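Observations on the three-dimensional arrangement
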Amino acid sequence: MPRRAQPIFPALILLLAGAALAGCSGGDFGRTRADFRNDDMHRWLGTEATNSIGMKSSQFQLTEHERQLRDLAYQFIEPPLSRPAWKSVFGDYQKLPAPWRQNVVFDRTAYGRNLIDEPHRSFASRYSLLVDDVRDDITRFEPFFAIAAQVLELDCRRSASLRVIADVSPRERADAVARIEENALIVQWVQQALQRRIASYRWALERLVIQAPDGMAADAERQINELARLAGTVQLSACQGAVAGVVTKG
């Protein structure tokens, strides 16, 4: 009795699905490309910060603390997206301009407009997403500023060493000072990003209350006020030789 031919459609579907997923991992559909995922993937933050005010970046390798500072900083520097988690599965990692560049314009309404305009969601889910976004920032707050304090303290030691070590070459001195400046600017960048996030969250909450008053607004306001309180408690000072008091547009 002749054997029946096996259907090829399931195998074909699996083959095509596998090929599609393999393509995604390489950067299709907006997913972070594999060549971006490395230990120094956020090194560009320092270069962007210093270049944006006309300074050269350091050629020194990143220390473990400096690498962690940049990794944690990106979570605040990247604007909140205000969209469902399933839309963020593929990621949309991108390099962002420092706030000191002349062409950077902050739009505090962008987050709220995305939050409200997203279709197929109730207003309760919008309130929930706002609260979750603010809570995420609160959760990230302590880890970032703890490592920031360590980095700035170590930079003070670095700066002191430059004054007592006699045989430091001009290139080494320039790179050391540039790294101190980079680290200080990254901390300032995050502090500015926090203020902008708070402004965005407040605008979004105000519009939600206008369009759909809900008891959840009180919880959202408490979370935003807590984030603002935390941001107001930060008192980090850069060491001598580092950039201090850089002014940016609001």
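Everything here concerns the structure above.
Below is a summary of the structure that appears in this document. (Residues numbered from 1 in each chain as written. Predicted model: local features only at pLDDT ≥ 70, side-chain atom pairs only at ≥ 80, totals over all residues. Heavy atoms only, no water.)

A few words now on the overall build of the chain. When helices and strands are tallied, the chain shows seven helices and zero strands. Along the chain, from the amino end to the carboxyl end, the secondary structure elements read α-α-α-α-α-α-α. The 250 residues of the chain split such that 39% are buried. For the chain, contacts bridging at least 24 residues in sequence account for 82% of all contacts bridging at least 6. Only carbon and sulfur atoms are counted for the fraction: they give 56% of the accessible area of the chain, which is about 14,400 Å². (Helix = DSSP H or I, 4+ residues; strand = E, 2+ residues; numbered from the N terminus. Buried < 20%, exposed > 50% of the residue type's maximum accessible area, 1.4 Å probe, protein only. Contact = heavy atoms within 4.5 Å. Areas by Shrake-Rupley, 256 points an atom, 1.4 Å probe, with all protein chains shown as cover.)

A word on the packing of aromatic side chains. Tallied over the full model, the rule gives six aromatic pairs. The structure contains a cluster of three or more aromatic residues connected by ring pairs, namely Phe76, Phe141, Phe144 and Phe145. (Phe/Tyr/Trp six-rings, centres within 6.5 Å; stacked < 30°, edge-to-face > 60°.)

Counting residues in each nonpolar core, the largest one holds 48 residues, and the members touching the most others are Leu45, Leu69, Leu130, Phe144 and Trp189. Of all the secondary-structure elements, those providing two or more residues to this core are α2 (44–51), α3 (64–77), α4 (110–117), α5 (123–164), α6 (170–211) and α7 (216–233). Tallying contributions element by element places α5 first for this core, with 13 residues. The contact partners of leucine 45, leaving out residues within four places of it in the chain, are Arg70, Ala73, Tyr74, Ile77, Ile186 and Trp189. (Core = buried A, V, L, I, M, F, W, Y, C linked by side-chain atoms within 4.5 Å.)

Here we come to the layout of surface pockets. Approximately 560 Å³ is the volume attributed to the largest pocket. If you go around the largest pocket, you meet 26 residues; those closest to its centre are Ile77, Glu78, Pro79, Pro80 and Phe106. Residue assignment for the lining of the largest pocket shows that the elements contributing at least two residues are α3, α4 and α6. With six residues, α6 is the largest single contributor of residues to the lining of the largest pocket. Partitioning the lining of the largest pocket into residue classes produces 16 nonpolar, four polar and six charged. (1 Å grid on protein atoms, 1.4 Å probe; cavity = no way out; pocket = protein on both sides within 12 Å on 5 of 7 lines; lining within 4 Å. Points joined across faces, edges and corners; volume = space filled by probe spheres on them. Nonpolar A, V, L, I, M, F, W, Y, C, P; charged D, E, K, R; others polar.)

Okay, α2 next. The buried fraction of α2 is high, at six of eight residues. All of the buried residues along α2 are Trp44, Leu45, Gly46, Glu48, Ala49 and Thr50. On its buried side, α2 packs onto α3 and α6.

The next subject is the pattern of salt bridges. For the structure shown, the criterion picks out 16 salt bridges. For glutamate 66, the salt bridge is made with arginine 179, and the minimal N-O distance between the two is 2.9 Å. Remark: arginine 179 occurs in helix α6 and glutamate 66 occurs in helix α3; sequence separation between them is 113 residues. Judged by its relative accessible area of 3%, glutamate 66 is buried. (Salt bridge = Lys/Arg side-chain N within 4 Å of Asp/Glu carboxyl O.)

For the rest of this paragraph, the subject is α7. Taking 1.5 Å as the rise per residue, α7 with 18 residues should run 26 Å; its terminal C-alpha atoms sit 26 Å apart, in good agreement. Those residues of α7 not exposed but buried are Ala217, Ala220, Gln223, Ile224, Leu227, Leu230 and Ala231. The buried residues of α7 all sit within an arc of 155 degrees when viewed along its axis, so they share a single face. Facing away from the buried side of α7, by more than 90 degrees, are the exposed residues Arg222 and Gly232. (Expected span 1.5 Å × (residues − 1). Arc of directions from axis to C-beta.)

With that settled, consider the environment of tyrosine 201. You can see tyrosine 201 is positioned in helix α6. The buried category is assigned to tyrosine 201, whose relative accessible area is 0%. When the C-alpha positions of tyrosine 201 and glutamate 221 are compared, they lie 9.1 Å apart, and in sequence the two are 20 residues distant.

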